[in-house]
Amino acid sequence: MRTHLLSDQELVDRYLAGNELALERLIIRHKDKIYTSIYLMVKDEYLAEDIFQETFIKAIDYLRRGKYNEEGKFAPWVARIAYNMCIDHFRKLKRTPGIVTSEGDDIFKYMKFEETPLEEHVHLQKFETKLKDLIEQLPEEQKEVVILRHFFNFSFKEVNNLFAYATKDPSNLTRH
């Protein structure tokens, strides 16, 4: 079979007629582009592989059920399925509650339960990483004030009282 001359639509038609090799050729033809687009969204090799497999399982299921009607636009159709699978993954993450453990927890890993678009999520991740780096550069006392005020919602008066109490007896405040 000379599949390199066949269009995506012809390969889809052949697969639907029972030719499994046609599907294999479609996957091989588009795997690099689809996998790369998934990886760029999730930034994790193993997760990207899982989503890639789930994407093609879903695509095969749609093909078998006769729900493919893109006529010659197989790659964008599969890319859209992959994109939706990534969005679903991020939505599941947001709905999974985190467990707060002992000291050393990263304050940026507290789960948020609101829905945000993928692009906004990516920008928010970059912002949080940059903010974390900037906070780490602060002197220890300033770092504590910023964390207590903005991440634990202490008022400035509560922060001031906490530091006043700690300066009377420094053992009252444990510095990390």
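Residues numbered from 1 in each chain as written. Predicted model: local features only at pLDDT ≥ 70, side-chain atom pairs only at ≥ 80, totals over all residues. Heavy atoms only, no water.

1. A look at the overall build of the protein chain
Spelled out, the test is: Runs of H or I in DSSP of at least four residues are treated as helices and runs of E of at least two as strands, each being numbered from the N terminus. We call a residue buried when its accessible area falls under 20% of the maximum for its residue type, exposed when it is over 50%, and partly exposed in between, using a 1.4 Å probe and counting protein chains only. The contact definition used throughout considers only heavy atoms, calling two residues in contact when any of these lie within 4.5 Å. Residue exposure ignores everything except the shown protein chains as possible cover, and the areas themselves are Shrake-Rupley values with a 1.4 Å probe.
When its secondary structure is counted, the protein chain shows seven helices and zero strands. Helices and strands in the protein chain line up, N terminus first, as α-α-α-α-α-α-α. Expressed as a percentage of the 176 residues in the protein chain, the buried residues total 27%. Sequence separation of at least 24 residues holds for 40% of the intrachain contacts in the protein chain that already meet a minimum separation of 6. For the protein chain, the exposed surface amounts to about 12600 Å²; the carbon and sulfur share of it is 54%.

2. Description of the packing of helix H1 (residues 8-16) against helix H2 (residues 20-42)
The following threshold applies: To get an axis, fit a line to the C-alpha atoms, keeping to the stretch in contact for a helix; angles then go from 0 to 180 degrees between the N-to-C directions. When the near helix sits turned anticlockwise from the far one by under a right angle, the crossing is termed left-handed; a clockwise turn instead gives a right-handed crossing. Gly is placed with the polar residues, together with every amino acid not listed as nonpolar (Ala, Val, Leu, Ile, Met, Phe, Trp, Tyr, Cys and Pro) or charged (Asp, Glu, Lys and Arg).
Between H1 and H2, the least distance of the axes is 7 Å, while the angle of their chain directions is 145 degrees. Here H1 runs over H2; the crossing is left-handed. Contacts between H1 and H2 involve Asp8, Leu11, Val12, Arg14 and Tyr15 from the former and Glu20, Ala22, Leu23, Arg25, Leu26, Arg29 and His30 from the latter. In terms of residue class, the contact of H1 with H2 is made up of six nonpolar, one polar and five charged.

3. Overview of the packing of H2 against helix H3 (residues 45-64)
Condition: Just so you know how the angles are binned, under 35 degrees is roughly parallel, over 145 roughly antiparallel, 65 to 115 roughly perpendicular, and the rest oblique.
Packing of H2 against H3 leaves a shortest axis separation of 9 Å and a crossing angle of 135 degrees. Between H2 and H3, the interaxial angle falls into the category oblique. Crossing of H2 over H3 shows right-handed handedness. Seen from H2, the contacting residues are Leu23, Ile27, Lys31, Ile34, Tyr35, Ile38, Tyr39 and Val42; seen from H3, they are Glu45, Leu47, Ala48, Glu49, Ile51, Phe52, Thr55, Phe56, Ile60 and Leu63. For the contact of H2 with H3, a count of residues per class yields 14 nonpolar, one polar and three charged.

4. A short note on the pattern of salt bridges
The condition that has to hold: Every case where a carboxyl oxygen of Asp or Glu lies within 4 Å of a side-chain nitrogen of Lys or Arg is listed as a salt bridge.
Considering all chains together, one arrives at three salt bridges under this definition. Asp8 is the partner of Arg29 in a salt bridge, and the nearest nitrogen-oxygen pair spans 2.7 Å. With Arg29 in helix H2 and Asp8 in helix H1, this residue pair connects regions lying 21 residues apart in the sequence. Here Arg65 ties to Asp61 by a salt bridge, and the two come within 2.9 Å at their closest N and O atoms. With relative accessibility at 46%, the residue Arg65 sits in the partly exposed group.

5. Details of H2
Selection rule: To get the bend at any residue, fit one axis to the seven residues that end at it and another to the seven that begin at it, then take the angle between the two axes. Pairs of N or O atoms within 3.5 Å make up the polar contacts considered here, provided that, within protein, one atom can donate a hydrogen while the other can accept it, and that residues adjacent in sequence are counted only when both atoms are side-chain atoms.
Of all the bends in H2, the greatest, near 55 degrees, is centred on Lys31. Along H2, the positions that sit buried rather than exposed are Ala22, Leu23, Leu26, His30, Ile34, Ile38, Met41 and Val42. You can read the cap of H2 off the contacts: a side-chain oxygen lies 3.0 Å from the backbone nitrogen of Leu21, and it is on Asn19. Positive backbone phi, approximately 60 degrees, marks Lys43, located one or two places after H2.

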